[in-house]
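# Observations on chain architecture
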Amino acid sequence: KVMQIQKHVQAYRPIAKHAHDIIHDREKKLKGKKMRDDKEKVMEILFSLFEKHQFYNIKDLAEETRQPMNYLKQILNEVCNYNVRPPNRNMWELKPEFRHYKAEKETKKSGRIRFRQRLSLLILGKVRT
């Protein structure tokens with residue numbers, strides 16, 4: 001069904017800057033530009049990150065370290081291996097000579113504690129063997 005328009009229809013211009021764009025721009029200005037930090041400082045950050053997870057994507061590393069991508073790649077080439085094959089494709093992992101995880105020591109201690117707890121419960125007769 002076609003209707004004839006009797007009066008002028010108000011047309012609105014599209015909004016160029018939406019609210020979420022304005023908020024994003026403010027947050028970006030607060031963060032500032034990425035500046036190259038000292039190499040040792042960046043390596044410390046990288047080692048602490050690799051203690052949490054074994055594999056990282058370059059974007060995640062750049063976001064966490066807040067370093068320029070090219071500078072970060074230079075450092076990563078020295079201390080990390082880039083995986084090209086499928087299980088962890090396009091991910092970085094530490095070279096074997098840099099892998100000294102603190103988690104191994106902590107798990108050994110927690111294993112001893114669990115053993116002692118289990119032993120004490122055995123002595124008390126609360127756990128079956």
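Everything here concerns the structure above.
Since the model is a prediction, treat every value here as computed from it, not as a measurement.

A tally of helices and strands in the protein chain yields 5 helices and 2 strands. Listed N to C, the secondary structure of the protein chain is α-α-α-α-β-β-α in terms of helices and strands. Burial status across the protein chain gives 17% buried among its 129 residues. Contacts spanning at least 24 positions in sequence make up 53% of the contacts within the protein chain whose residues lie at least 6 apart. When the accessible surface of the protein chain is totalled, it reaches about 11,800 Å², and 53% of it is carbon and sulfur.

With that settled, the discussion passes to the side chain of Lys95. Relative to the helices and strands, Lys95 resides in the loop between β2 (91-94) and α5 (103-124). Glu97 is the oppositely charged side chain nearest to the buried, salt-bridge-free Lys95, at an N-O distance of 4.9 Å. A polar atom in the side chain of Lys95 sits 3.2 Å from the backbone oxygen of Glu78. Beyond its immediate stretch of four places on either side in the chain, Lys95 contacts Asn77, Glu78, Val79, Cys80 and Asn81.

Counted by the stated rule, this structure contains 2 salt bridges. With its nearest N and O atoms 2.7 Å apart, the salt bridge here joins Lys39 to Glu78. Linking Lys39 in helix α2 (residues 39-52) with Glu78 in helix α4 (residues 69-79), this pair joins segments that are 39 residues apart in sequence. For Glu78, a relative accessible area of 40% translates into the label partly exposed.

Next up on the list: the packing of aromatic side chains. Counting across every chain of the model gives 3 aromatic pairs. When the centroid spacing of 5.3 Å and the interplanar angle of 90° are considered together, the rings of Phe50 and Tyr56 count as edge-to-face. For Tyr56, a relative accessible area of 9% gives the class buried.

Right, let's get into helix α1 (residues 19-31). For α1, with 13 residues, the first-to-last C-alpha span of 19 Å sits near the 18 Å given by 1.5 Å per residue. α1 sits mainly on the outside: 0 of its 13 residues count as buried. Residue Gly32 follows α1 closely and has a positive phi angle near 80°.

What counts and how
Residue positions are counted from 1 within each chain, in the order its sequence is given. Note on the predicted model: pLDDT of at least 70 is required for a residue's local features to be given, and 80 or more for side-chain atom pairs to be given and counted; whole-chain, interface and lining totals, by contrast, use all residues. Values reported for side chains reflect all heavy atoms of the structure, with hydrogen atoms and water molecules removed beforehand. Helix and strand labels come from DSSP, where a helix needs a run of H or I of at least four residues and a strand needs a run of E of at least two; each type is numbered from the N terminus. The classification of residues rests on relative accessible area computed with a 1.4 Å probe and restricted to protein chains. Under 20% of the type maximum is buried, over 50% is exposed, and intermediate values are partly exposed. Contact between two residues is taken to exist if any of their heavy atoms lie within 4.5 Å; hydrogens are not considered. Here, Shrake-Rupley sampling with a 1.4 Å probe gives the accessible areas, and only protein chains in the shown set may cover a residue. The convention is simple: Lys and Arg are positive, Asp and Glu are negative, and His and the chain ends are not counted. Just to be clear on terms, a salt bridge is a Lys or Arg side-chain nitrogen sitting within 4 Å of an Asp or Glu carboxyl oxygen. Each polar contact in these results corresponds to two N or O atoms within 3.5 Å; when the atoms are within protein, one needs to be able to donate a hydrogen and the other to accept it, and residues that are neighboring in sequence are counted only if both atoms are side-chain atoms. Ring geometry is summarised as follows: Phe, Tyr and Trp rings, the Trp one being its six-membered ring, pair when their centres sit within 6.5 Å, and such pairs are stacked at plane angles under 30 degrees, edge-to-face over 60 and tilted between the two. For a helix, the expected span equals 1.5 Å multiplied by the number of residues minus one.

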